[in-house]
Amino acid sequence: MKSLAGRSAIITGGLTGQGYAIAAALADEGADVAVGSYIGEAAGRAGDAAAYPEPNAVGEVREKLAAKAVKVFASHLDIRGDQAIAKFIATAEAVCGPAGILVNAAGTTAEQPVCGHSDELWHKIVDTNLTGAFRMIRALLPGMIGRKWGRIINIGSTAASVGWKDNPAYCASKSGLLGLTRCVALEGAPYGINCVMISPTWVETELMHRNVAQLVAREGKGRTVAAAMAEIAEQNPQKRIIQPGEIAALAAFLCRNEALGITGENIEITGGALW
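Residues numbered from 1 in each chain as written. Predicted model: local features only at pLDDT ≥ 70, side-chain atom pairs only at ≥ 80, totals over all residues. Heavy atoms only, no water.

Asker: Go over the overall build of the protein chain, please, and point to the residues and values.
Answerer: Per the secondary structure count, the protein chain includes eight helices and seven strands. Relative to the globule expectation of 19 Å for 275 residues, the C-alpha radius of gyration of the protein chain, 18 Å, shows essentially globular dimensions. The C-alpha extent of the protein chain, read off along each of the three principal axes, is 55 × 35 × 35 Å. The burial tally for the protein chain puts 55% of its 275 residues in the buried class. Computed over 25 positive and 26 negative side-chain charges, the inter-centroid distance for the protein chain is 4 Å. (Helix = DSSP H or I, 4+ residues; strand = E, 2+ residues; numbered from the N terminus. Rg over C-alpha atoms; globule rule 2.2 N^0.38 Å. Buried < 20%, exposed > 50% of the residue type's maximum accessible area, 1.4 Å probe, protein only. Lys, Arg positive; Asp, Glu negative; His and termini not counted. Charge placed at Lys NZ, Arg CZ, Asp CG, Glu CD.)

Printed below as a string of structure tokens:
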């Protein structure tokens, strides 16, 4: 029997990037999966680097995950509002059953220094990366406590512990997410619930490509995105960029029964890089 057969997972940011890779890995282990991302950038959310999928992505992702012979729910999800979260969870659980696994993979950033940083952009990044994760945990943790089983994985970043020039909101949000992770781990510990943060360095996703494009544009040196990506890979001790599947493999293991004792941790996947 697959290790997660009979389990149900909700993955925010699950239509793209690391979120989708994790959803696929959990489905491979037999979990039913509900994935949600903010659909379409046009609705007043320009300015950050997030890769907002288009509406056609919902059907495409649903089809790919369903091919793994699990129950699948895929939809728009805005984690910045409690009503939107409640609606998503209710519909997801009607399809996939009560969620025992939560992966908070939705996230964004923007190349913007402290000087001149707008409140609007600050709130967007912090509300997505930190408060959105808090809202999801607050909504699902009581059910996990009642069933005495749960796995919560927060996708962090090396930015939780190392500063990154021109990304103050991102660094602040990921540092806050680590504090939240540790508190949730303690709250869930008596009930068979673990909570862990996975903190990668650069991961090759659409968000990374968009973020690097912003970085290149701010530099104004005529460097191409491809050249900047190659430079990032060269700076890594392993001379490469971490892939989403590497994050997903660890996330799938952390959801197994054998991983219960791994909680409150910040596990970095960096290829040896300090950032």
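Asker: Quick one: what's the story with empty space enclosed by the protein, residue by residue and with numbers?
Answerer: Overall, the coordinates contain one cavity of 30 Å³ or more when judged by the stated rule. Computed from the structure, the largest cavity encloses a volume of approximately 620 Å³. For the lining of the largest cavity, the secondary structure elements donating two or more residues are helix 1 (17–28), strand 2 (32–37), helix 5 (168–188) and helix 6 (206–219). The element that contributes the greatest number of residues to the lining of the largest cavity is helix 6, accounting for four residues. Residues belonging to the lining of the largest cavity are distributed by class as follows: 18 nonpolar, 17 polar and five charged. (1 Å grid on protein atoms, 1.4 Å probe; cavity = no way out; pocket = protein on both sides within 12 Å on 5 of 7 lines; lining within 4 Å. Points joined across faces, edges and corners; volume = space filled by probe spheres on them. Nonpolar A, V, L, I, M, F, W, Y, C, P; charged D, E, K, R; others polar.)

Asker: Give a description of helix 2 (residues 56–66) that names residues and reports values.
Answerer: Of all the residues in helix 2, the buried ones are A57, V58, V61 and L65. In an axial view of helix 2, the angular spread of the buried residues amounts to 105°, which keeps them on one side of the axis. Tucked into the core, helix 2 has its buried residues touching helix 1, strand 2 and strand 3 (72–76). (Arc of directions from axis to C-beta. Contact = heavy atoms within 4.5 Å.)

Asker: Lay out the environment of A21 with the relevant residues and their values.
Answerer: Along the chain, the position of A21 falls in helix 1. With residues up to four places along the chain from it excluded, the contact list for A21 reads P244, G245 and A248.

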